[in-house]
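So you can see what is in the structure, the chains are spelled out below.
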Amino acid sequence: DNDLLDSSMNTSSSKARQDGAEGEEGGGRKKFRRNKKRDMPWDDPTIDKWKIEPVTADNPLPPPLEESSFAVLFPKYREKYIREVWPLVSKTLRQYGIACELNLLEGSMTVKTTRKTWDPFIIIKSRDMIKLLSRSFSVEKAFRILEDNMYCDIIKIKNLVRNRERFVKRRQRLIGPNGATLKAIELVTGCYVMVQGNTVSAMGSVKGLKHVRKLVEDCMNNVHPIYNIKTLMIKKELQKDEKMKSENWDRFLPKFKKKNVKRKKKKIKEKKAYTPFPPAQLPRKVDKELESGEYFLSKDQKDQSAKSKRSLENAKKGLKRKRDRAAEFVPPTNIHQKKQAMGGKKGGGAESAKE
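So, a few notes on the structure that sits alongside this text. Note that the structure is predicted; figures quoted are calculated from it, not measured. (Residues numbered from 1 in each chain as written. Predicted model: local features only at pLDDT ≥ 70, side-chain atom pairs only at ≥ 80, totals over all residues. Heavy atoms only, no water.)

## What to know about the overall build of the protein
Within the protein, the regular secondary structure consists of twelve helices and six strands. By residue count, 25% of the 355 residues in the protein fall in the buried class. In the protein, 55% of the contacts between residues at least 6 apart in sequence involve partners at least 24 apart. Carbon and sulfur atoms form 54% of the exposed surface of the protein, whose accessible area is close to 28600 Å². (Helix = DSSP H or I, 4+ residues; strand = E, 2+ residues; numbered from the N terminus. Buried < 20%, exposed > 50% of the residue type's maximum accessible area, 1.4 Å probe, protein only. Contact = heavy atoms within 4.5 Å. Areas by Shrake-Rupley, 256 points an atom, 1.4 Å probe, with all protein chains shown as cover.)

## Regarding unusual backbone geometry
Within the chain, Ser-136 stands out as a residue other than glycine whose phi angle is a positive 70 degrees. Along the chain, Ser-136 falls in the loop between helix H3 (122-134) and helix H4 (139-142). Residue classification places Ser-136 among the buried residues on the basis of a relative accessible area of 18%. Its identity is not glycine, yet Asn-222 carries a phi of approximately 70 degrees, on the positive side. Considering the arrangement of structural elements, one finds Asn-222 in the loop between helix H7 (206-220) and helix H8 (225-240).

## What about the sheet that holds strand E2 (residues 98-103)?
Spatially, three strands are ordered E1-E3-E2 in an open sheet, and the strand pairing comes out antiparallel. The open sheet has two edge strands, strand E1 (69-73) and E2, and neither has a second partner. Neighbour-to-neighbour, the strand axes of the sheet open up by a mean angle of 15 degrees, direction not taken into account. Bridge analysis of E1 against strand E3 (residues 108-113) gives five bridges, and the strand direction is antiparallel. Paired with Val-72 across the two strands is Met-109, which belongs to E3. Packed on one face of the sheet, helix H2 (residues 79-94) meets E2 and E3 and runs near 165 degrees to E2. (Pairing = 2+ DSSP bridges. Axes fitted to C-alpha atoms, helices over the stretch in contact; angles between N-to-C directions.)

## Here we look at a positive patch on the surface
A cluster of like positive charges, contributed by Arg-166, Lys-169, Arg-263 and Lys-266, occupies part of the molecular surface. Position of Arg-166 among the secondary structure elements: in helix H5 (residues 164-175). (Patch = residues over 30% accessible without salt bridge, like charges linked within 9 Å, V, L, I, M, F, W, Y side chains within 5 Å. Salt bridge = Lys/Arg side-chain N within 4 Å of Asp/Glu carboxyl O. Lys, Arg positive; Asp, Glu negative; His and termini not counted. Charge placed at Lys NZ, Arg CZ, Asp CG, Glu CD.)

Bear in mind that shape data such as this cannot, by itself, settle questions of function.
This is the structure in structure tokens:
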């Protein structure tokens, strides 16, 4: 009997626990539903939750805990210009809380963060700015890199072509006559491009920089820039049409086939057998006169011999002229004989054939 009582009490207590747990869950669900209906402060349709707030002096980020610095070397010929514009550079960077230093002994420019820096990414932009200054960009264009959505790319073209003469030709092809090709690249891609030494510097949007890099690398691989410029111009026009956005553009883009142009073969000079002795000396005029005996003749005798030689040559030429004139009046049996009589002249044979 005691065992039966204990078992019944256990079952009743377990049922009571289950009922209490269900009641608590029901109360929690009701409470959750009641809170869900209430308007929250972030449930505002006017607020754009994906908007990136711009970092400005009025809306700054906390300053960096560690100091970051970058140094860039510049060539000797840029020293005069950089020294002139450095006060303007330091004044502009001071607005962003960036300290800058110009070392003329080492030929370097240094930028570093301070406790007043309110934008952490501005140090990267400052590094790019001094890079562009060292690569012949004007200070007005270099300041554009400090803006948002403006980036730079330094394309190294030195190792793309091994032959120096070929490298210079292809680099000049990138610039074009009076800089016309370079200007076309800037207009199509929307980037500033500067060809300097063994590098090409470009500044603009990310999309434009990709186009510039592809165009420069193709040019160094013997693909003329005009082909890529034409393709980009067609794409630019197709982007304006909303109907063409969802279609494939391959049928509109030009397809250029590579043609193997025949080039002049260089004449291979045969190497002569090496001899340690120098070549034999050519005879002088005096030596020739000594051999012929003219050296020992007097002046009058020399003049008389020269006169006799001239008269003999004139007589030979006169006889040849007479023979040519007489051959015109000889009636030939066929054109072949006429040509032989005329001494290989073409005109006489044709005239006689007509007659």
